[in-house]
Amino acid sequence: MQERPRQIPLLDLDTFRLILHYVSGTELLTFTLVSRVIRAEATMELLRRPVHILRNQRLRFFCRYLLSGDIRKPSYLRKLIINHIEKPLGPEDNDMFIQVLNRCTNLEALDLRWCDVLLEEDTRIPAAIASLPSLSRFSAYLYRDRQELQTILFSIVRSLKTSLRTLRLPQISDEIASADVLNEIARTHHQLEELTFHIVGFTPLTHAFASVRKLHLICEEWLPKLSDVCSTFPNAREVTFDNYMFLDEAPQFVHENAVWPSLDFLRATTGLIHTLGITFPVRHWDAAFYDHAAHDQMTEVISRFRPRKLTICVHCASNWDIPRAHPNLVVYDSGKSGVKHLFVKATVSQPRMAATADFVATLRPLLQDSHVELLHLAVSPFFTSDDPDEIIKPPMKYSGLPEAEAPPDVDVGVLAADIAQLSPSIRTIAVTVASLGHFVWTVARTEYGDAVVVKHEPYEARRTFDAEAERCLRE
């Protein structure tokens, strides 16, 4: 009997694409070597993820890649971040980049970070950016705050074919009236939900940004009145204040009806909060670096904010001061209530790299007698994001920072077990270590009160962590 050839099973593309969504970028690259069909699917998945391009040569190679072979490749792009274009591209590279932009029909986010020459060299490039049909997020940071460059940027924003939902602008120079620019943006992009801008001063606007929910203000020389900010952005729920000035002003006293009733998130230092006169409830306060000398002031702010989540950054080393234990930073209502989700970002450095015992010593005064249910400890030489994935593998390496240092000498399993003993209220522990990974444990208690930590597998770990973080904010 003649043997029938074995049938090759058909590939269920919908299921396969779902699987690819959870595959790492490194593994996706190996998939491109399997077959033509799988290479096409893996390429599409890779390009749909955020793409980071650093410097001229990488941009040139990337454009050549997108314009070769499958002509649909540029249409797969969803988010493109271009960093540090320091030299002119030249006519040929400009032509390639413009061709890529013209084919990016589904590009939703474009971030230009220190790419001044890219905007100045060829007038067709700003025009191509303004013509992107699906752009909803635009961000641009400049090497130099020159009026000519800012005029180009504002021209792009005014000419966009879409209504932006996220906009990040560089510092507005004295030559350009910030109120006029912002009024025009408010009129043009009425669906704007997230706005970041750097300003020298701030004055109330005739057109309020009614749809903005996420606001980041960077103030260079002059601090705005809280009431003016609230009237300009009446529906903001997540607010970040950065300032580059010495704060020696008396606190503002603002009528309660002139400010937001509460915020879901606030990132601001204790000094800035005092100067602005912020007293309303805040669900999540990012206090930036923990200041040992300002411990009492931080405790007083927390008693007024009554946050469900607190984020602080500490430097962890064997020769560094640990946080004060009294008064307890993370409790309020005379100890009856307190922070449910504590996120501690620990910076580490050579030559005295922190070990497991140093992290436990740092956390002990924060967790003892607390109501913390989710403890998240992140360990890295520096932080550019709070996202665990970007802490493990930063999307961009910054020169001058200790990126090449080895991970600290920490046994994450022992660390989790020790943390669980610090407070009986802890239910979940997450530890994120740069260049090492993101680990999550659930804490079980025996009938005698002893803590037992149960480690989750990577996929379940992130789901558990996200669910617990949401629960702590909601309940």
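In the block above lies the structure referred to throughout.
Cut-offs applied
Residues numbered from 1 in each chain as written. Predicted model: local features only at pLDDT ≥ 70, side-chain atom pairs only at ≥ 80, totals over all residues. Heavy atoms only, no water. Helix = DSSP H or I, 4+ residues; strand = E, 2+ residues; numbered from the N terminus. Areas by Shrake-Rupley, 256 points an atom, 1.4 Å probe, with all protein chains shown as cover. Patch = residues over 30% accessible without salt bridge, like charges linked within 9 Å, V, L, I, M, F, W, Y side chains within 5 Å. Salt bridge = Lys/Arg side-chain N within 4 Å of Asp/Glu carboxyl O. Buried < 20%, exposed > 50% of the residue type's maximum accessible area, 1.4 Å probe, protein only. Core = buried A, V, L, I, M, F, W, Y, C linked by side-chain atoms within 4.5 Å. Contact = heavy atoms within 4.5 Å. Axes fitted to C-alpha atoms, helices over the stretch in contact; angles between N-to-C directions. Parallel < 35°, antiparallel > 145°, perpendicular 65-115°, else oblique. Left-handed = near helix turned anticlockwise from the far one by under 90°. Nonpolar A, V, L, I, M, F, W, Y, C, P; charged D, E, K, R; others polar. Phe/Tyr/Trp six-rings, centres within 6.5 Å; stacked < 30°, edge-to-face > 60°. Pairing = 2+ DSSP bridges. Right-handed = clockwise from strand over helix to strand, strands pointing away. 1 Å grid on protein atoms, 1.4 Å probe; cavity = no way out; pocket = protein on both sides within 12 Å on 5 of 7 lines; lining within 4 Å. Points joined across faces, edges and corners; volume = space filled by probe spheres on them.

K.L.:
Describe the overall build of the protein, naming the residues involved and giving the relevant values.
P.N.:
Counting its regular elements, the protein contains 17 helices and 18 strands. Taken as a whole, the protein presents about 23,500 Å² of accessible surface, with 52% of it coming from carbon and sulfur.

K.L.:
For a nonpolar patch on the surface, give the residues involved together with the corresponding values.
P.N.:
On the surface, a cluster of nonpolar side chains totalling about 370 Å² of accessible area is made up of Leu18, Tyr22 and Tyr459. Residue classification places Tyr459 among the partly exposed residues on the basis of a relative accessible area of 47%.

K.L.:
Let's hear about the nonpolar core: which residues, and what values?
P.N.:
Buried together is how nonpolar side chains tend to be arranged in soluble globular proteins. Within the largest apolar cluster, 123 residues are counted, with the highest numbers of intra-cluster contacts made by Phe138, Phe241, Leu266 and Trp285. The contact partners of Phe241, leaving out residues within four places of it in the chain, are Leu217, Leu226, Val229, Leu266, Arg267, Ala268, Leu272, Leu276 and Ile278. Membership of the second largest hydrophobic core comes to seven residues, among which are Ala430, Val440, Ala461 and Phe465.

K.L.:
How would you sum up unusual backbone geometry? Please name residues and give values.
P.N.:
Cis rather than trans, the peptide bond between His326 and Pro327 has omega equal to -10°. Within the secondary structure, Pro327 is located in the loop between strand S11 (309-315) and strand S12 (331-332). Backbone geometry places Arg306, a non-glycine residue, at a positive phi of 50°. Inspection of the secondary structure puts Arg306 in the loop between helix H13 (295-305) and S11. Notably, Asp333 is not glycine yet its phi reads approximately 55°, a positive angle. By the secondary structure assignment, Asp333 is in the loop between S12 and strand S13 (337-338).

K.L.:
Tell me about the packing of helix H4 (residues 55-66) against helix H6 (residues 91-103), and please be specific about residues and values.
P.N.:
Packing of H4 against H6 brings their axes to within 9 Å, and their N-to-C directions diverge by 55°. The angle between the axes of H4 and H6 places the two elements in the oblique class. Both H4 and H6 take part in a crossing whose hand is left-handed. Contacts between H4 and H6 involve Leu59, Arg60, Cys63, Arg64 and Leu66 on the former and, on the latter, Asp93, Met96, Phe97 and Val100. Of the residues that constitute the contact of H4 with H6, the class distribution is six nonpolar, no polar and three charged.

K.L.:
Residue-level account of the packing of aromatic side chains, with values.
P.N.:
For the structure shown, the criterion picks out five aromatic pairs. Measuring from ring centre to ring centre gives 6.3 Å for Phe439 and Trp441, while their planes differ by 35°; the resulting arrangement is tilted. The pair Phe439 / Trp441 is uniform in exposure class, with both members buried.

K.L.:
Outline the pattern of salt bridges, listing residues and values.
P.N.:
Taken as a whole and assessed by the stated rule, the structure comprises 27 salt bridges. The salt bridge partner of Glu45 is Arg49, with a shortest N-O separation of 2.9 Å.

K.L.:
Give me the pairing of strand S3 (residues 109-113): which residues, what numbers.
P.N.:
The element S3 is extensively covered by neighbouring structure, given that five of its five residues are classed as buried. Burial along S3 is two-sided: Ala109, Asp111 and Arg113 facing one way and Leu110 and Leu112 facing the other are all buried. Where strand S2 (residues 79-83) and S3 come together, five bridges link them in parallel fashion. Bridging across to S3, Ile81 finds its partner in Asp111. Regarding the hand of the β-α-β motif, the stretch spanning S2, H6 and S3 is right-handed. The pairing of S3 with strand S4 (residues 137-141) spans five bridges and is parallel. Paired with Asp111 across the bridge in S4 is Ser139.

K.L.:
Quick rundown of empty space enclosed by the protein? Include the residues and the values.
P.N.:
Applying the stated criterion to the full structure yields one cavity of 30 Å³ or more. By volume, the largest cavity is sized at about 40 Å³. Together, Phe154, Val157, Arg158, Val181, Glu184 and Ile185 line the largest cavity. Elements represented by at least two residues in the lining of the largest cavity include exactly helix H9 (147-159) and helix H10 (178-188). Looking at side-chain class alone, the lining of the largest cavity contains four nonpolar, no polar and two charged residues.

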